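Coordinate inspection notes
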Amino acid sequence: MLVGACLILAAAFTGPQISLQRPVHRYVFVFDISQSMNVEDVPGQEEGVSRLEFAKQSVRDALPAFDCGTEVGLALFTGHRAFLLLKPVEVCANFSELKTLIGNVDWRMTWEARSEVAKGLFKSIELLRAMDDDSRLVFVSDGHESPPLNADVPPRFDGTAGEIGGVIVGVGGNELAPIPKFNEEGEQRGFWRARDVLHIDTFTADQRKRAGLPPVIGTEHMSMLREPYLEGLATTTGLGYLRLTGPEQLARRLKNAALGRPRTQDVDLRGALALAALLGLCASLLLTRRPR
């Protein structure tokens with residue numbers, strides 16, 4: 001038994017590998033950086049943690065759970081489109097860089113003071129389709145459309161449902177909460193008020209204005225997680241839906257084999273052989289013990 005353990009340990013030092021077919025995951029995380037993502041209403045989180053900060057921290061904390069070989073990229077959404085910052089790179093080799101880059105995502109990177117979530121999601125799917133590398137989409141948003149959509153003419157999805165796999169990740173609370181308002185220096189100056197925003201779609205608002213009608217006042221200056229809306233978008237696009245509660249739950253969902261692509265990969269056997277050698281050594285010691 002001891003000789004066998006020594007031989008196995010010696011074999012481990014040769015760096016043996018075996019080729020196996022296993023699901024490999026490649027993701028592009030798209031973060032919604034519109035102003036509603038600054039709302040601090042995530043259930044179970046302490047005061048001062050915004051939706052965006054919670055989402056970023058959950059993704060960063062989920063990275064160690066991904067297997068080596070998993071690839072992660074990063075994009076931002078605001079206005080009506082997504083902008084790719086980083087194509088997917090291997091997690092283990094680029095772990096520190098990925099954590100730093102995700103941690104530096106900030107709402108101040110926005111380039112438009114609008115949040116057309118459906119169009120942003122559709123553009124994100126187009127972005128991944130153009131990459132043509134089997135990447136999966138992880139679209140992180142609260143689902144707050146600003147200005148509101150016209151229910152009679154919603155944005156049209158021109159793609160094929162399920163063509164790009166992935167998950168829409170919803171973040172936020174169940175009750176309407178005020179949206180922080182910031183000045184040009186990035187300092188908070190209260191919250192958005194009802195008269196500061198549109199409460200109906202721009203086309204209808206212009207028609208009412210031309211007709212001399214008063215503006216419609218609603219609750220669009222406040223925000224909550226629009227979960228049924230995001231679930232509807234998931235159905236339309238063939239994506240899954242997940243309400244974000246923490247990194248463990250996120251990692252479990254993203255490690256699902258159904259979201260991976262089968263690929264032949266070299267697997268390092270050193271760890272398994274070292275464990276077998278240790279077990280053999282322990283067994284040899286137990287078997288050779290003498291009673292007093």
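Everything here concerns the structure above.
Residues numbered from 1 in each chain as written. Predicted model: local features only at pLDDT ≥ 70, side-chain atom pairs only at ≥ 80, totals over all residues. Heavy atoms only, no water.

**Quick notes on the packing of aromatic side chains**
- Evaluation of the coordinates by the stated rule reveals five aromatic pairs.
- Where Phe83 meets Trp111, the ring centres are 6.3 Å apart and the plane angle is 65°; that geometry is what we call edge-to-face. Of this pair, Phe83 sits in strand S4 (residues 81–90) while Trp111 is found in the loop between helix H3 (95–103) and helix H4 (117–131), placing the two residues 28 residues apart along the sequence.
- Look at Trp111 and you get partly exposed, because its relative accessible area is 35%. (Phe/Tyr/Trp six-rings, centres within 6.5 Å; stacked < 30°, edge-to-face > 60°. Helix = DSSP H or I, 4+ residues; strand = E, 2+ residues; numbered from the N terminus. Buried < 20%, exposed > 50% of the residue type's maximum accessible area, 1.4 Å probe, protein only.)

**Observations concerning the pairing of strand S2 (residues 26–32)**
- For S2, a buried count of seven out of seven residues is recorded, marking the element as mostly surrounded by other parts of the structure.
- By the alternation rule, side chains of S2 split into Arg26, Val28, Val30 and Asp32 and Tyr27, Phe29 and Phe31, which are all buried.
- Across seven bridges, the pairing between S2 and strand S3 (residues 71–78) is parallel. When the sheet's bridge partners are listed, Tyr27 is paired in S3 with Val72.
- Running through helix H2 (residues 51–62), the crossover from S2 to the neighbouring parallel element S3 is right-handed.
- Pairing of S2 with strand S5 (residues 136–141), which is carried by five bridges, proceeds in the parallel orientation. (Pairing = 2+ DSSP bridges. Right-handed = clockwise from strand over helix to strand, strands pointing away.)

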